[in-house]
Each structure stands twice: as C-alpha cells, then as structure tokens.
Amino acid sequence: MTMMYPDALLRSVFTKARTFVCVGASAKPERPSHEVSCYLKAKGYRVIPVNPGLEGQVLFDERVLASVTQIHDPVDVIDIFRRSETVPDIVKDTIEHLPTVQVIWMQLGVQNAQARQFAENHGLTVIENRCPKIDYQRLFGNQNVTDIRP
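Presented here is an overview of the structure given in this document. (Residues numbered from 1 in each chain as written. Predicted model: local features only at pLDDT ≥ 70, side-chain atom pairs only at ≥ 80, totals over all residues. Heavy atoms only, no water.)

### Some points on the packing of helix 1 (residues 7-16) against helix 5 (residues 132-140)
Where helix 1 contacts helix 5, the axes come no closer than 10 Å and their chain directions differ by 105 degrees. With respect to their mutual orientation, helix 1 and helix 5 come out roughly perpendicular. Counting all contacts with helix 1, which are made through Asp 7, Leu 10, Arg 11, Phe 14 and Thr 15, the residues of helix 5 involved are Pro 132, Asp 135, Tyr 136, Arg 138, Leu 139 and Phe 140. Residue composition of the contact of helix 1 with helix 5, by class: six nonpolar, one polar and four charged. (Axes fitted to C-alpha atoms, helices over the stretch in contact; angles between N-to-C directions. Helix = DSSP H or I, 4+ residues; strand = E, 2+ residues; numbered from the N terminus. Parallel < 35°, antiparallel > 145°, perpendicular 65-115°, else oblique. Contact = heavy atoms within 4.5 Å. Nonpolar A, V, L, I, M, F, W, Y, C, P; charged D, E, K, R; others polar.)

In structure tokens, the structure reads:
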C-alpha cells in the first residue's frame, strides 16, 4: 500500500532539494534504482550513488561510494532502495554523518517504523513506500527542477 503524504510536502521536498543520495544504486539500467536515479539527474538534481559492491565505479557522473558515511558534500535527500530491515542502520549512519539531510525517502515496498521514528525524532521528514520519479511526474509533469524552484 502506498503511503499518503500531502502534495504540498512532496512539492516542498522537490523544490528545496539539490542533492539526492541513492542507497542501493545499480549499474543495471533495468533496475528501478538506476531508472529513478537517471530520471532525477535528468531533472537537474545531483545524484550520489551508494552501493558497496560497486564502490569506485562511476554512475550518474559520480563515483559510487560504499556507504553514506563516505559522503562529505551537503546532501538533502537519502533515497533508499534496500530491504526494509536494513533501513535503521542507514538512517543511523545518515544522522551521524550527514547533518544537512532533511529527508529520508524509502522507495516503493520499503517501510520501517523504527527507522521512521528515529529519523523523525531527529527532525527529519520521512517518506515511506513511495517513488520520487512517480511523484515528480505526477506533481510537475515534464518541468525541469529549475522551473519548480522558487
């Protein structure tokens, strides 16, 4: 079941964000994480890929990192393409190492109440069981990021 979030919240995420991290990034074009990351990049966002199995490779014009703990640049949104049970550790590492993150976004099929509560207790917005590509298309159609930002 897709979680319900106000369109105003989702619009705010897209208009404020500059950089997404894709945890669980794939080099395979047929994988949802690859497709969504390419879409976000095409829309003008920077997408930092995280996947320990692909560390050092280049995806989306960025070097693949093994963990969010290796990121040293400002990040706005963590987009998680991992099994629900792995999310608490990802959220914990994010909160400890990435102070600029404002949003934890869990992809379709990914939910974790413990991680959600922990992130919300640290002031982060949490979106579960949704896809940013689907929401972006629904909210903005074919507009580019620069068209939607204030």
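Past the structure itself, the notes keep going.
### Here we look at helix 2 (residues 32-42)
For an α-helix, 3.6 residues make a turn, and residues three or four places apart therefore share a direction. When helix 2 is considered as a whole, its buried residues turn out to be Ser 33, His 34, Val 36, Ser 37, Tyr 39 and Leu 40. Looking at the packing, one finds that the buried side of helix 2 touches strand 1 (19-23), strand 2 (46-50), strand 3 (58-59), strand 5 (77-80) and helix 5. Backbone geometry just downstream of helix 2 places Gly 44 in the positive-phi region, at approximately 105 degrees. (Buried < 20%, exposed > 50% of the residue type's maximum accessible area, 1.4 Å probe, protein only.)

### Details of the sheet that holds strand 1
In any sheet, the strands associate via hydrogen bonds between backbone groups, in a parallel or an antiparallel arrangement. Taken in spatial order, the five strands make up an open sheet running 2-1-5-6-7, and their pairing is parallel. Lying at the two open borders of the sheet, with one neighbouring strand each, are strand 2 and strand 7 (125-127). Mean inter-strand twist for the sheet, computed between neighbouring axes without regard to direction, equals 20 degrees. (Pairing = 2+ DSSP bridges.)

### Observations concerning the side chain of Asn 112
Topologically, Asn 112 is positioned in the loop between strand 6 (103-106) and helix 4 (113-121). On the basis of relative accessible area, Asn 112 is assigned to the buried category, the value being 12%. In contact with Asn 112, not counting residues within four places along its chain, are Ser 84, Glu 85, Val 87, Pro 88, Met 106 and Glu 128.

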